[in-house]
Each structure stands twice: as C-alpha cells, then as structure tokens.
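# Chain and residue survey
Here is what each chain is made of, one letter per residue.
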Amino acid sequence: MSAASTAESADFRGPLDITRAATVVLDAESTVIGWSPAASELLGYGPSDALGRPLTTFLSVRPAGGTLPAEASGAAGPGPGPPSLVGNEIHVARTRDGRELLVATATCPLPGAAGASGSGTPDRILVAAEVEALLHWESRIALLQGLATQSPVGLAIYDTDLRLSWSNTAYEREMGQPLAAFRGKRAEELYGAGSFVTPGYPHTLAGVMRQVLDTGEPVLDLHFRGQPPSDPGRDHLWSCAYYRLEDAHGHALGVCEDAFDITDRYRVQERLTLLVEAGRRIGTVLDVATTAEEIADVAVPDFAATVRVDVTRAAVTGETAAVGSPADMTLLRVAERSAPGSGTPDPGLPASGPTETGRPDPYRPGASPTVTDSPDPGRPETGPTGSGPTGSGPTATARGPGGTNSPGGPRQPYPPVDYPPGSPQNRSLSSGGLVLDEGTLVVPLRTGGGILGLVTFDRGEGSDTSGRTPGPDRATTFDNGEVALADELAARAAVCIDNARRYTRERTASLALQRQLLPHHLPPQSAVETAYRYLPADDVTGVGGDWFDVIPLSGTRVGLVVGDVVGHGLQAAATMGRLRTSVRAFAQLDMAPDELLTRLDDLVGQPAEDRSDACGGAVETYDVTTGATCLYAVYDPVSRRCVMARAGHLPPAIVGPGGEVSFPDLPAGPPLGLGGLPFESMEIDLPVGSLLALFTDGLVEARDHDIGRGLDTLGQVLGDRSASLEELCDRAVSELVPGGTSADDTALLLVRTRALGADRVADWELTAEPVSVGRARELATGQLEAWGLEELVFATQLVVSELVTNAVRYAGGPLGLRLIRDRTLVCEVADTGHTSPHLRHSAADDEGGRGLFIVAQLVQRWGTRYTPTGKTIWTEQALPPAEAG
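The sections below set out a description of the structure shown in this document. Treat the numbers as computed from the prediction; the structure is a model and nothing was measured. (Residues numbered from 1 in each chain as written. Predicted model: local features only at pLDDT ≥ 70, side-chain atom pairs only at ≥ 80, totals over all residues. Heavy atoms only, no water.)

Taken as a whole and judged by the stated rule, the model has 11 aromatic pairs. Among the aromatic residues, those joined into a cluster by ring pairs are Y191, F196, F224, W238 and Y242. Directly above the aromatic system of F303 lies the positively charged group of R459, at a separation of 5.3 Å from the ring centroid. (Phe/Tyr/Trp six-rings, centres within 6.5 Å; stacked < 30°, edge-to-face > 60°. Lys NZ or Arg CZ within 6 Å of the ring centre and 35° of its normal.)

Pasting the structure below:
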C-alpha cells in the first residue's frame, strides 16, 4: 500500500465535509456565485466557466436518458431509501467532457440571507460528492460503530500514562460495569493478578504496553491469563494484540489493546493434547498394572486431582471370567495417584486393618507385601533374562500397591476394593455406564461386552488437605466435554488393559508349554559340567523352535542334543517338543548318533495326517517339522571319547585344555525330513577338561554379520579358560546377541568334560564257559568289598550270575564284565551276540525263564546296548544311603 492510499484510508472526514466536498455558493435564484477547487476537480469546470451560471447547468434531477440509476432510485422517491443516503439529495451531474456522475448533495442556508433576495447575494451553500465515495465512507463509519458496540473483541485505549481512556461494549461486559466506572484506571488495577504466558515478552500488562509505546512495534497473539471482574474465581485466557496510536504528526497518543477470550478454544485444545498424550503414553507395555498406572499419570493433575484404577481379578491374572459372575466383579486396586496437596476419602478401601485376603494393605506405612518370584523356565537363575518382552515402561509415579510391575516379573499383591451400595462406583458397576456425582466421575473399563474395571476421576470439593481452594482454572465438576474426554481415556485404557490381559493369558500358557518342552534344570552329571542359555525371538509368547537337552545314558555316558525348528512361536515350540521327546525316546534305546538321526528323519518324513477344524473342513497348516536341524553327541567319561552326528546343523565348537578352539569337520547330513543322504558319525577324543559348545545359528548369525564372523567371536569368548561356564554363557550372549534379542531363536549349551578315575571302574574279560559264571561272581564280590559296598554283594552276585549264564548259553565269547561305581552301581556284561533278552512271566510248571525277572526286581534299571562287536546288558543299582551321600 502506498503512502498516499494509507493517508487516504486513515482520513475519516466525510465526503460531504466542506473541507473535502465540491462546494458551490448560490444566491436566491440558484445562480452560482462561488466555486471551490474541489468542484472544479469533480466536474471539470473552472471558476470562470461556472460563476454566474444557473445550478441546473451542472446538476439535473434526471439523467439524459430519463431514468435514475438503480442504486439511487430509493432516495429520489418517497420512503427512506438506502440508509446511508437518507437526508441527502441525489442528482446527476454533467461534467465538462460530457460524462454523467451520480452525486449526493446537501444544502446549508447562510445566516442572515433569509431577508436578502437580490441577485448575487449569497443565500446558501451546496456541497456535492460522488455517491460511491459517500457509500464507502458510510461503510467505514459502520465498521467503527460495530467495533465500538457489536464486536466480540474487547477494545481498549490507554493513554501514555497507561490509564484507560476508552473501551468498547465487549470490554465493558468483561468488566461487568460501564466505562465511566473504570475510566482512568491503570491496567494493573483491572487485572492485577493476571500475567502473560507467551514466552519472550514481559509478563505484565504495563510491561508489554510500555514496550509497544517505546518501540512502536505492534505485537500480536500474546496469551494473557487472568480473572475478569465479571467472572472472579475462574481463570480465562485471552489472545491480545497491542499497537501504538499516533496523531497526524506521528506523536504517540497511547496504546490500543485488542483482546479476544479464547478460554473455550484453549480448553478444547487442552483436551485434544491430553488425548494425544494418552495415545502416546498409555499401553506402552503389555502389562495390566503398568497400563493402569499410565492412565493415572496422564490424567493427574491436568484432568483430575485424584485418579483411582480398579481392575477385576480376572483381568490382572489373565483369566477369562464369565461376564457378570462374582469372580468377574472382584475388583483390585491396581493404581492410584493424587496431585500434591490433594486427596479425597476412598470409599473402596478400609481405613485400617488388613484386607479381606489377610494380606497387609500396601498403602499403609510398614506394609510388607509378599513377593513371589519364579525364575524364567529354560534358563538358570544366574543367567541373563531373555524371554518375554524387553524394555520397560516409563517410571510410574502413581501410588500403586507394590509399585510398578514389569511384564513377566514379580507380581505384587493388590488390595481388593469393596464399594458400599449407593456409591458412584457401585452404581457404575450395576448399570455398566458412567456415573457423575458432583466432583467424582466414574467410568467403567468396557471391552467385548464386559467390564474389566473402573476408573474414578475425582476433583474433590472445597479445600484440599492443605486448606487451599481448588485452582481457579479448574472446575470442581465435569462438563459434558470433559465427560466425553474421560470416556475416551477409559476406552483407550480398556483396550490396552484387555490386550495386556490377553498377553498375560497367552504368555502364561506359553511359559507353561515351555516348562514342559524344555528342561526345568539340568541335573548334575558325573560325565560333564553344563551351563546353558535360551533366548526365544518371539517376545510375545516367550517360546521358540530351538531346543537343547542333556540325556543320561547307560554306562555313565551322557547324550548332548541341540536342535532348531523352522519358524518361531507356539507352532514351532510344539514341533520342537515332539522332536525333543522323540530324541529322548530314541536315546534311551542307546542308539548311535547316526542311527538316532536316521530314525528321527524317518519320523519327520512321514506324511502328516490331514487335520480338520471343528466343522469338519480341512485346515491347511505349514509343516515346520520338515527342515529342522539337529546335532546329537554321546560322551563316554570312561573312554573319554565323544561320538557325534548332525542333520543340517552347525558343528560344535571344541576348546582343548590349553584354550585352543576348533570346529570339527563333522559330516553334514541333510536337514530332517528331506531324506536322500545317510548320516555319518565322527568319534573324537576329548581330554579331561575339554569344552564342548553346542549352539543354534541364532547365536552366531545376524543381519549385520555372517556366520563366519559370529563363529570367530564365539571362539574368542570360549578361549578364556579362567572363566566359569556361567560366565562364558553370559559373555557369549552379550557379545553375539546384544540386548538379549535377535531375529532368530538362540540356544547355547556349554559342556565341560570329566573322566571317571580308574579306581571307580573295574573290568575283566571272561571265556564263554560255564566255569566263568563262578569266576565272575568272585571278581564282582571282591571289587565290591574293596569299594566298601558289602550291602550290594548278594544282589550283585545274582545279577552277574544270571547275565553271564545267559551270555554263555545263548551267545559267544569272549565275554566282558565291567563294574562302575558312580551315582549308582553299574554292572555290564558284554558278549558277541546280537539278540536281546526279553523279560517274561514264567508259568508255574516252567523250569526256566525266571532269572531275568528276578534281576529286574533287584535293580533300578536295566537294558541292552548294541555295539559293533555285539551287545551289552547293563543294570543300575542304588548305592547304600551312606555311600550315596
């Protein structure tokens, strides 16, 4: 905008003002005797052309065509006409160049001219202006009038001393009194307790207005918080603008204030912000208690002074109680939070004494709730956590019983709540809907047609515990918008709590499945020392498809297994359980590793039976059994030799007593279920103290590195001979699986070999002759007496006599007799036959067949183990209590 147009827009003189309008002096005969420069500019006639001529030369009532323009027709005839033209006459003016202009005129008689009627004597003055200019000026005047009387924006003018000199009607309404009652007061006297909340500006009204007066720079959209005199006790928020007022010479006259009350809009924005914050902070973890604490954290203190969250017992434990059943309505106080200095009586909890369950109330000082901690199955207590979701929610400041509970961690007890009849909570439970009772709002946590609990929002009444009245910007009750906001907050929390309940139920079932599928703990073995880690990739269920096992075998040997099933989750875990059970069953038959994998491959390769759903239709399922991998090894502490075979699995790592690390070139058979190639075994000598590491590819393979790099890192970790097996497990997991999570399941089994000393093993070679039976009894008796096991002499003589007699009668020589003193007494008789004896019940008239039955009654276990040269019949007897201890 140019300087000229700016000056013109700021000139509020009317178009018919004599200082601006085309002015003509007329005598009594309407002859022009005076002609202003403005008249020359409007019509194009100079004074010499106009003086002495009649007015009708320049103005006519009707235009040349005989029709008055539409915009002026209302003023020419009867009636008021357009409001802005009432009181003015409309004429058509003819300019010197022949144009016609529609002008409005006004006439003013001159004093003393009434008695003079001569020609050339001034009688009246006529002023004229274009109708368009007059209409434009009238609209500007209407604008000023509207700002002063109709505008909802408060306008006030302060002089250079910052005293109020004028205000409009909206400002008067805010003050609650007419302008005359507060004119001349300073801003601090009107809004003394208020302040600006917009950063970067002075906080006081005087400071902001003084800055505008000094700099001349206007400011826009400053937020001022205060209490208007018309509404004391409640804060309002205004959006304010300030600009300096100057006269025609640029001298400051004061400051104009424009203020618009945005309190309602601000509260709507607050509610939207609270919803956004709730979406960000509620439901960060799948845990009922944490979710309840999060809704309390979000709502206090911005929405309510106190928030209490009560959840049904079924939701806390992850159960699915029938809707409406008594168990479903048993509420537990899971979270509670109050703003500082506030607090209201709680009708749901007793004032003192123990809770209904007999547990101490965790709210009261001195309470010591019982903490039940169960170690994560499939992992020793000293190992790192790895199953279940990692990460934790925000630090909870809500006063919840027992504090924050992490998913899968120790569960603190929660006190039961019992609301009396007639209370808002009891009415909400009965009706299933919201209940608003003065400053208390109870919203049920609804999902799936049932109620998971209640959320109580309390703003309190009167003074708080410190004697302070509620903040003026917060009402003591809830309006309709806030009720809707509370309902939305509860709805979001209910979804998150229901998800957490479902997760708790699924996780509980998954962990129960895991406990059944994986070893609860590895029992101590004379042959090896073990340690392990298991990290499932599925954080939701906490189970996966990898597995490991340590299987006690006959002759103090031990079977070592590690395997990997394709996929993750429950289906892979169930498949893993079937394979692990099959491996244990085959291992108890004392099969060689290559034979065991062959049998397992045949089992996996069998076509699965068609499954059907509840309606009888076929269900297509992905077979995760095919493609599974497995490594099986058998270590003998007597011979210190290890035989192993693998089906598509990674070879183990072997660390010698000196710390040297190797990965044996074990023949790689195909994964299970593919068939086509045989499995081959490899036998390795393992010195005492050797370390054997069995693992799955999830440990050594990741997105950021290949298997080769992972194997090198594993070898470096295992090469430390000074570290214990538990320490090596921890280091391997921290180095190869940072954070305890990976894209694939991870299993690691570390085994340190031992050897049975020569003083605990005795063996002899016998001929296949009847005389060898007596010789075997003598040798066994002597060895038992040397070991101090005289209590076992009689039973051992019967066992040795029966087994050697069968070997002499039904097999061939040479025969072998071996006694091993370990956790049990092992007796083995080897021969060259390949037929296994069978236990049977002899008839009353049978002369034989009772010997093996008697042997089975005398020992704990017995069985047959096939070897390349024949078979071995073995038995195990319990040691006497003194020896076993």
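Further notes follow.
As a further point, take the sheet that holds strand β31 (residues 815-821). In spatial order, the strands read β30-β31-β32-β34-β33; together these five strands make up an open sheet with antiparallel pairing. At either margin of the open sheet sits one strand with a lone partner, and together these are β30 (761-766) and β33 (861-867). For this sheet the average axis-to-axis angle between neighbouring strands, irrespective of direction, equals 15 degrees. For β33 and strand β34 (residues 870-878), the ladder comprises seven bridges, and the chain directions are antiparallel. Counterpart to T867 in the pairing with β34 is G870. (Pairing = 2+ DSSP bridges. Helix = DSSP H or I, 4+ residues; strand = E, 2+ residues; numbered from the N terminus. Axes fitted to C-alpha atoms, helices over the stretch in contact; angles between N-to-C directions.)

With 51 residues, the main nonpolar core has W547, L560, L596, L692 and L749 as its most contacted residues. The dominant element in this core, judged by the number of residues it contributes, is helix α15 (residues 569-588), at seven residues. Listed in part, the 40 residues of the second largest apolar core include V300, L452, V455 and A490. (Core = buried A, V, L, I, M, F, W, Y, C linked by side-chain atoms within 4.5 Å. Buried < 20%, exposed > 50% of the residue type's maximum accessible area, 1.4 Å probe, protein only.)

Burial of β34 is extensive: eight of the nine residues sit out of reach of the surface. Bridge count for strand β32 (residues 824-831) against β34 is eight bridges, and the pairing is antiparallel. Following the sheet pairing, A830 is matched in β34 by T872.

Let us look at the sheet that holds strand β13 (residues 306-312). Backbone-to-backbone hydrogen bonds join strands into a sheet, with any given pair of strands oriented parallel or antiparallel. Taken in spatial order, the six strands of this open sheet run β15-β14-β13-β18-β17-β16, and their pairing is antiparallel. In this open sheet, the two edge strands, each paired with only one partner strand, are β15 (416-417) and β16 (435-437). One ladder, built from eight bridges, connects strand β17 (residues 440-447) with strand β18 (residues 450-458); its direction is antiparallel. When the bridges of β18 are listed, V442 appears paired with T456. Each of β13, β14 (331-338) and β18 touches helix α11 (residues 288-299); the most contacted strand, β14, lies at about 35 degrees to it. (Contact = heavy atoms within 4.5 Å.)

Moving on, we come to the side chain of T291. Inspection of the secondary structure assignment puts T291 in helix α11. For T291, the residues in contact, after removing those within four places along its chain, are I282, G283, V285, A493, C496 and I497.

We now examine the environment of V32. Relative to the assigned elements, V32 resides in strand β2 (residues 32-35). In sequence terms V32 and G120 are 88 residues apart; their C-alpha atoms lie 8.5 Å from each other. For V32, the contacting residues outside a window of four places in its chain are V24, V25, L26, A50, L51, G52, R53, P54, L55 and F58.

Within the fold, R459 resides in the loop between β18 and α14 (480-517). With a relative accessible area of 7%, R459 lands in the buried category. Of note is the side chain of R459, whose polar atom sits 3.0 Å from the backbone oxygen of F303. Here E482 takes part through its side chain, which lies 2.9 Å from a polar atom of the side chain of R459. (Polar contact = N/O pair within 3.5 Å; in protein donor to acceptor, adjacent residues only side chain to side chain.)

Before going further, it helps to spend a moment on the pairing of β18. For a regular strand, side chains alternate in direction, first toward one face of the sheet and then toward the other. Along β18, nine of the nine residues are buried, which leaves the element largely enclosed by surrounding structure. Bridge count between β13 and β18: six bridges; the pairing is antiparallel. Bridge pairing in β18 places V309 opposite V455. Hairpin connection from β17 to β18: two residues lie between these consecutive antiparallel strands, with G448 at a positive phi of about 60 degrees.

This brings us to the side chain of R124. Mapped onto the elements, R124 comes out in strand β6 (residues 122-130). By relative accessible area, which is 17% here, R124 ends up buried. Of the polar contacts made by the side chain of R124, one reaches the backbone oxygen of D27; its length is 3.2 Å. Not counting residues within four places of it along the chain, the set of residues in contact with R124 comprises V24, V25, L26, D27, A28, S30, T107, C108, P109 and L110.

Right, let's get into unusual backbone geometry. The omega torsion across V300 and P301 is 5 degrees, close enough to zero to call that bond cis. Mapped onto the elements, P301 comes out in the loop between α11 and β13. One non-glycine residue, R640, lies in positive phi territory at about 60 degrees. Mapped onto the secondary structure, R640 falls in the loop between β22 (629-636) and β23 (641-647). Using a relative accessible area of 36% as the deciding quantity, one classes R640 as partly exposed.

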